[in-house]
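# Structural description and commentary
Letter by letter, the chains look like this.
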Amino acid sequence: MTDIRAPHPAPAATGLHGHGLTLRPWDPESATDVEAWLRGHLDPEFVRWNTPLRTIADTAGARASLEGKSADVAAGRAVTFCVTDAADGTILGQIAVNMIDHVLSFARVGYWVLPEARGRHVATRSLLLAARWAFTETGLHRLELGHALGHDASCRIAERCGFRCEGTLRGAMWESGRRDAFRDVHLHGRLATDAEPEGL
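Presented here is a report on the structure given in the accompanying data block.

Rules and cut-offs
- Residues numbered from 1 in each chain as written.
- Predicted model: local features only at pLDDT ≥ 70, side-chain atom pairs only at ≥ 80, totals over all residues.
- Heavy atoms only, no water.
- Phe/Tyr/Trp six-rings, centres within 6.5 Å; stacked < 30°, edge-to-face > 60°.
- Helix = DSSP H or I, 4+ residues; strand = E, 2+ residues; numbered from the N terminus.
- Buried < 20%, exposed > 50% of the residue type's maximum accessible area, 1.4 Å probe, protein only.
- Core = buried A, V, L, I, M, F, W, Y, C linked by side-chain atoms within 4.5 Å.
- Contact = heavy atoms within 4.5 Å.
- Salt bridge = Lys/Arg side-chain N within 4 Å of Asp/Glu carboxyl O.
- Disulfide = S-S within 2.5 Å.

Note on aromatic pairs: each is described by the distance of the centres and the angle between the planes. The final tally for this structure, using the stated rule, is five aromatic pairs. Note on tryptophan 26 and tryptophan 37: the rings are 5.0 Å apart at their centroids and 75 degrees apart in plane angle, and the pair reads as edge-to-face. Of the two residues, tryptophan 26 sits in the loop between strand E2 (21-25) and helix H1 (31-42) while tryptophan 37 sits in helix H1, which places them 11 residues apart along the sequence. Residue tryptophan 26 shares its accessibility class with tryptophan 37, and that shared class is buried. Consider the rings of phenylalanine 81 and tryptophan 133, whose centres lie 5.4 Å apart with planes at 90 degrees: the pair is edge-to-face. Of this pair, phenylalanine 81 sits in strand E3 (residues 79-85) while tryptophan 133 sits in helix H4 (residues 122-136), placing them 52 residues apart in sequence.

Laid out in structure tokens, this is it:
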């Protein structure tokens, strides 16, 4: 008898292509990848809206974090993509399908974009690609997206990608730079049965 609680490795995602982007795995052995990962986590806008479980402050921490992401993929817990320009491979940001639960057929998505890549719909385009992969290749039924209340840009991205606003979660996220105070979260959800968004 199959144990439905056992981890299911996510389908291999060696490269997703579309909307002018390529989504590929991060490489902990690549100095370019490590540097981009570190810059993303030190960016003031990232810090304003996110407080990671572990602070990433230097190259060693960034590399260890990426090694952890690779382990998550192997265990079927999450898949974190490096978002790159399809034409020249420039790193633009990241998008992840996190907390994959194959029993409830559910996961959470999150993303960030490097400062120089903003204003080009990178988050929107990468979210459309990652959601399509999660529904069609991984077979998930539901994706959730949460962002701190007041992060209007993220709210618009979610809605543009078909993630309907479902309400406010009270005290569901740490305050910026703190782990002893909490703030509210706007919750968005999208189902595999929802209509595909019309586009950008």
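Following the structure, the description resumes.
Before going further, it helps to examine the nonpolar core. By size, the foremost hydrophobic cluster in this structure holds 32 residues, and its most contacted members are Leu23, Ile95, Val97, Leu127, Leu143 and Phe163. Elements supplying a minimum of two residues to this core: E2, E3, strand E4 (91-101), strand E5 (106-113), H4, strand E6 (142-148) and helix H5 (152-160). Counting residues per element, this core draws most heavily on H4, at 10 residues. Once you skip the residues sitting within four places of it in the chain, valine 97 turns out to touch Arg77, Ala78, Val79, Ala107, Arg108, Val109, Ala130, Trp133, Ala134, Leu140 and Leu143.

The residue leucine 149 is located in the loop between E6 and H5 in this model. As a C-alpha pair, leucine 149 and leucine 187 span 38 residues in sequence and 9.3 Å in three-dimensional space. Setting aside its immediate chain neighbours within four residues, leucine 149 contacts Trp49, Thr168, Asp184, Val185 and His186.

Positioned with a positive phi, methionine 99 is a non-glycine residue whose angle comes to about 50 degrees. As for its placement among the helices and strands, methionine 99 is situated in strand E4. Overall, methionine 99 belongs to the partly exposed group, its relative accessible area being 48%. Of note in this structure, serine 105 is not a glycine but carries a positive phi near 55 degrees. By secondary structure assignment, the location of serine 105 is in the loop between E4 and E5. Using a relative accessible area of 16% as the deciding quantity, one classes serine 105 as buried.

Moving on: the pattern of salt bridges. Under the criterion given, the structure shown has 14 salt bridges. With a closest N to O distance of 3.6 Å, arginine 48 and glutamate 45 form a salt bridge. On the criterion of helical spacing, the pair formed by arginine 48 and glutamate 45 is a turn pair, its members being three residues apart in helix H2 (residues 44-49). Ionic pairing is found between aspartate 180 and arginine 178, a salt bridge with its closest N-O pair at 2.9 Å. Each of Arg108, Arg142, Glu144 and Glu166 takes part in one network of salt bridges that share partners.

Now for the state of the cysteines. One pass over the structure, following the stated rule, counts zero disulfides. Of all cysteine sulfurs, the one in cysteine 155 lies closest to cysteine 161, which takes part in no disulfide; the gap is 12 Å. On the accessibility criterion, cysteine 161 (0% relative accessible area) is buried. Cysteine 165 takes part in no disulfide bond, and the closest cysteine sulfur, belonging to cysteine 155, lies 5.7 Å away. Given a relative accessible area of 38%, cysteine 165 falls into the partly exposed group.

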